[in-house]
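Breakdown of the fold
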Amino acid sequence: MLAAACRGPSRPSAPAPASGPVPRLLSRALGPAPVEADLASLCDGIGGRPTGSRACDRAVDWALGRLRDGGVDARTEEWTLPRAWLPTREEGSCLAPARFPLRVAALPRSPATPPGGIEAPVAVLSEGERPGAASAGRILLVATRASADGPPKPDGDALRTLVEESRAAGAAALLVQGARPDDVVYRLAPGEGTDPLPLPAAVVGREGAGRLLRLARNGEVRVSLRVDVDAPGPLAARNVVAEWPGRALQGESVLLVAHLDSWDLGTGALDDGVGAVAILDAMRALRELDLRPRRSVRALLTTGEEQGRLGSAAWVERHRAELPSIALAVVADLGAGTVLGFRVNGRKELGRELLPLLAPLPWIRAPYYLASRDGDGDDRSLADAGVPAVLLWQDLTPLGPRWHAGTDVLERVDPLDARRLAATVAAVAWQAADRPARLGAFRPAPTGTPERALR
Ligand SMILES: [Zn+2]
């Protein structure tokens, strides 16, 4: 993915003036910033917040309240979640030849096991192997290669196929060996959507799975798996939308996007609490400093992103008539790592125009853009609808090992990183909204089939 990078200026093109909107926004964001308190309040006070959960509802109310307290005009917009997926219990054990607990995390949309769980002998599948007749009545265990921070295997669509084939082969359940070390488990989504999977399925911690795989070479291994799930639906879900009116080009706007929902194992600090807080703070900053750019600045804090960007897709449907007026949409959804540039969803001309917007940020030394159209986040919803939509491309060191895991918590967000992200969002928003010419053209119905990334 990084191969398509195009470098921009290697240093800020000119020293920033001592005053002016961007320096004022930067000094506010980098000072004693409210983003840290906001993030603690969201992550510690509310915590993991899958769409359809009470916690997600609280997060929506929280964001609305924070924006309104900051004097920003904000409201919610409902959309319909076909079905929520809210696990209440996930347990696994090896029963024989030795008894020991397994760390497990059900795959999103896994059905519940029968009451009391499933006990069955293990059948091992190597990576890429398809379940056959020997799978009947077994709990399948898929061996994977280690990957400390890279994308987990198998990818979402392949995983969904594997679950379906396991069911067809008569397996009792499917376990996928976690790719990360130290028994870290995470929500590994089998493709997109909200329909239940046909078979109970879970990630099992790497080392626990490794022990099962070694034991299975010498004889029968019996394991148990229990998954309890609430799956209510359809439900009303809500996005949060906010607007800071521009002073001149009132028909045009710059849209800032992050998602409020998260998976539930951690507290969604990196994915995507820090992005949501940065956008919320950028809106508040414009209001607080009474900075009115030419265009309006709008915020969209979505829910349903983890189910396949459902909230942003609903927003696009509802606002289709306004889409041509969006001069740029900027999505923040890669954690707290330093911004390195932009992913421009195939729009190279946009990349070239965007790079100078990072010049006032001295900690961004050599920004670049990625032309790739392989995203599966909220920028995809907007870009597919023709909006010039980009993702802030960031250093993935903080997010990679913690993505969708119990380790995605407040401690893993460096406060300076959070402030810099907020400063970056504010500076980009201001410059994009205030420049005389809009950045990107509206271009509906993009051609070509985007490569799909992993969910
Ligand atoms: Zn995310």
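Residues numbered from 1 in each chain as written. Predicted model: local features only at pLDDT ≥ 70, side-chain atom pairs only at ≥ 80, totals over all residues. Heavy atoms only, no water.

Another aspect to go through is the coordination of the zinc ion. The coordination sphere of the zinc ion contains the protein donors His259 (NE2), Asp271 (OD), Asp333 (OD) and Asp333 (OD), at a distance range of 1.9 to 2.7 Å. Relative to the metal, the four donor atoms surrounding the zinc ion lie at angles of 51 to 152°, and the coordination shape comes out irregular. On the primary sequence, the residues serving as donors to the zinc ion are separated as H-x11-D-x61-D. With His259 in strand β12 (residues 249-259) and Asp333 in the loop between β14 (326-331) and β15 (339-343), the pair connects residues that are 74 residues apart, well separated along the chain. By the burial criterion, His259 is buried, and Asp333 matches it. (Donors = N, O, S within 2.8 Å, 3.2 Å for Na, K, Ca; no water. Tetrahedral: all angles 85-135°; square planar, octahedral: opposite > 155°, others 65-115°. Helix = DSSP H or I, 4+ residues; strand = E, 2+ residues; numbered from the N terminus. Buried < 20%, exposed > 50% of the residue type's maximum accessible area, 1.4 Å probe, protein only.)

Let us look at empty space enclosed by the protein. Across all of its chains, the model carries four cavities of 30 Å³ or more by this definition. Reported here for the largest cavity is a volume of approximately 100 Å³. Contributing to the lining of the largest cavity are 16 residues, with Pro108, Arg109, Gly193, Trp263 and Gln307 lying nearest its centre. Tallied by class, residues from the lining of the largest cavity come to six nonpolar, five polar and five charged. (1 Å grid on protein atoms, 1.4 Å probe; cavity = no way out; pocket = protein on both sides within 12 Å on 5 of 7 lines; lining within 4 Å. Points joined across faces, edges and corners; volume = space filled by probe spheres on them. Nonpolar A, V, L, I, M, F, W, Y, C, P; charged D, E, K, R; others polar.)

If you check the domain split of the protein, you get domain 1 (2-83 + 234-434) and domain 2 (86-230). Look at where the C-alpha atoms of domain 1 and domain 2 centre, and you get two points 34 Å apart. Contacts between domain 1 and domain 2 engage 22 residues on the former and 16 residues on the latter. Of all residues in domain 1, Arg83, Leu265 and Trp403 give up the largest surface area on contact with domain 2, accounting jointly for 30% of the area buried on that side. The interface formed by domain 1 and domain 2 contains two salt bridges. Put simply, Arg309 and Glu192 hold a salt bridge, and the shortest N to O gap is 2.8 Å. Per-class residue counts for the side of domain 1 that touches domain 2 are nine nonpolar, eight polar and five charged. (Domains from an automatic or database assignment. Contact = heavy atoms within 4.5 Å. Buried area = accessible area lost by both parts, 1.4 Å probe. Salt bridge = Lys/Arg side-chain N within 4 Å of Asp/Glu carboxyl O.)

Structurally, the position occupied by Cys43 is in helix α2 (residues 34-43). With a relative accessible area of 1%, Cys43 lands in the buried category. Separated by 40 residues in sequence, Cys43 and Arg83 place their C-alpha atoms 24 Å apart. Apart from the residues within four sequence positions on either side, Cys43 is in contact with Thr267, Gly268 and Ala269.

It is worth spelling out the sheet that holds strand β4 (residues 100-102) at this point. One open sheet accounts for eight strands, arranged β4-β3-β10-β6-β7-β8-β9-β5; its pairing is mixed. At either end of the open sheet lies a strand with only one pairing partner, and these are β4 and β5 (104-106). Each strand axis lies, on average, 30° off the axis of its neighbour in the sheet, ignoring direction. Against the sheet, helix α4 (residues 156-168) engages β6 (118-125), β7 (139-142), β8 (173-177) and β9 (201-204), with an angle of about 145° to β8. The strands touched by helix α5 (residues 206-216) within the sheet are β3 (86-96), β4, β6, β7, β8, β9 and β10 (222-230), with β4 carrying the most contacts at an inclination of about 125°. (Pairing = 2+ DSSP bridges. Axes fitted to C-alpha atoms, helices over the stretch in contact; angles between N-to-C directions.)

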